[in-house]
Amino acid sequence: LRNLRWSSLIGEQTLISVMIELAQLTIALEPVSDLLVQGQLGRAELERLQRGLEAAQPRLDSLLEVMDREMVAADELLQRIHQDNKGSRALGIDFWWRLLPRVYWQSEHKAYINLHLSQRDGWKQLGQPPALELPAFSIITNLLTPNSAKAQTQFLATQTRFEALKALVALELYRLDRGSYPEKLEQLVPRYLARPPLNFIHPNLLGKKPPLAYARIGPSCQLKADSPLYLTIDKPRVQTWPTPTKP
């Protein structure tokens, strides 16, 4: 739990800090998965872990917020480029700033803002990240546009993992109360979960994300997330989270 709290305190000032936070959360969640698979946590520990996971899970709107901050920072830098060459020196493009007319930098500024605004709905709806084609001769756009598609996919993968781990905790609490796992995830609602766990990395838009797949396997059970987006971050398309084999 200390690792989870530390990972969620890094902040969300830039996209880089969000990516660092997601990497930290991935590391912090590894022992959580191991503990749950071992099946040795008591009720009090499970309830404490459930609260810790809820507190550490990133907000769904945090990616949109950080991308908006990226745009504001870039906008301020581009305003400086219009005024003098301090901004161009900061970007390492002083040669081009002196060579090209001011009207070019004004058009570059507009192109960057328009590109950001065209992607904003995607960061809000969190579906499949669009393939981004940057204009070949746009100096500013190529310099300042981050790889938001990969960031969005990592964000969705982390959200899905939190959903799975919270569901595993709920399944264990259910088993402690009833002696076996439920036939359906819906049986966890509302006592153990507010809603069924969602497969956030599925390409569907928010509001249409499917629940995680769930199957009873003998005395145990398994959660599963299937998404082609996993392949874009070098993970198998299907991710599984098992409960203890001997509950």
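Residues numbered from 1 in each chain as written. Predicted model: local features only at pLDDT ≥ 70, side-chain atom pairs only at ≥ 80, totals over all residues. Heavy atoms only, no water.

## Comments concerning the pattern of salt bridges
Taken as a whole, this structure holds 13 salt bridges when the rule is applied. With a shortest N-O distance of 3.4 Å, Glu 54 and Lys 166 are connected by a salt bridge. Placement of the pair is Glu 54 in helix H3 (residues 43-56) and Lys 166 in helix H9 (residues 148-178), with a sequence separation of 112 residues. Put simply, Glu 54, Glu 163, Lys 166 and Arg 195 are held in one network by salt bridges that share partners. (Salt bridge = Lys/Arg side-chain N within 4 Å of Asp/Glu carboxyl O. Helix = DSSP H or I, 4+ residues; strand = E, 2+ residues; numbered from the N terminus.)

## A word on helix H7 (residues 102-125)
Two residues of an α-helix separated by three or four positions point the same way, owing to the 3.6 residues in each turn. Here H7 spans 36 Å end to end across 24 residues, near enough to the 34 Å set by a 1.5 Å rise per residue. Largest kink in H7: about 35°, centred on Gln 119. Those residues of H7 lying buried are Tyr 104, Trp 105, Glu 108, His 109, Tyr 112, Ile 113, Leu 115, His 116, Gln 119 and Trp 123. Residues of H7 that are buried make contact with helix H4 (62-83), helix H6 (94-99), helix H8 (139-144) and H9. After H7 finishes, the residue Leu 126 shows a positive phi value of roughly 55°. (Expected span 1.5 Å × (residues − 1). Bend = angle between axes of the 7 residues up to and from the residue. Buried < 20%, exposed > 50% of the residue type's maximum accessible area, 1.4 Å probe, protein only. Contact = heavy atoms within 4.5 Å.)

## Notes on the side chain of Lys 209
Structurally, Lys 209 can be placed in the loop between H9 and strand S1 (213-217). One buried charged residue, Lys 209, forms no salt bridge at all, with the nearest opposite charge on Glu 163 at 11 Å. Separated by 2.6 Å, the side chain of Lys 209 and the backbone oxygen of Asn 204 make a polar contact. (Lys, Arg positive; Asp, Glu negative; His and termini not counted. Polar contact = N/O pair within 3.5 Å; in protein donor to acceptor, adjacent residues only side chain to side chain.)

## Considering the nonpolar core
One finds Leu 36, Leu 171 and Leu 223 to be the most contacted residues of the largest nonpolar core, which totals 49 residues. Of all elements in the fold, only helix H2 (15-38), H3, H4, H9 and strand S2 (220-226) reach the threshold of two or more residues within this core. If you tally residues by element for this core, the top one is H9, at 14 residues. Every residue in contact with Leu 36, bar those within four places of it in the chain, is listed here: Leu 41, Leu 46, Leu 49, Leu 165, Leu 168, Val 169 and Pro 244. If you look at the next biggest cluster of nonpolar residues, it comprises 14 residues, including Met 71, Ile 93, Ile 113 and Leu 144. (Core = buried A, V, L, I, M, F, W, Y, C linked by side-chain atoms within 4.5 Å.)

## Considering empty space enclosed by the protein
Under the criterion given, the structure shown has 2 cavities of 30 Å³ or more. By volume, the largest cavity amounts to about 70 Å³. In this structure, the largest cavity is lined by Met 67, Glu 70, Tyr 112, Leu 115, His 116, Gln 119, Trp 123, Thr 145, Pro 146 and Ser 148. Elements with a minimum of two residues in the lining of the largest cavity: H4 and H7. Top element by residues in the lining of the largest cavity is H7. It accounts for 5 residues. Among the residues forming the lining of the largest cavity, the class breakdown is 5 nonpolar, 4 polar and 1 charged. Of the pockets and cavities examined, the second largest cavity occupies roughly 40 Å³. Lining the second largest cavity are Leu 35, Leu 36, Gly 39, Gln 40, Leu 41, Leu 46, Glu 172 and Arg 175. If you list the elements that add at least two residues to the lining of the second largest cavity, you get H2 and H9. (1 Å grid on protein atoms, 1.4 Å probe; cavity = no way out; pocket = protein on both sides within 12 Å on 5 of 7 lines; lining within 4 Å. Points joined across faces, edges and corners; volume = space filled by probe spheres on them. Nonpolar A, V, L, I, M, F, W, Y, C, P; charged D, E, K, R; others polar.)

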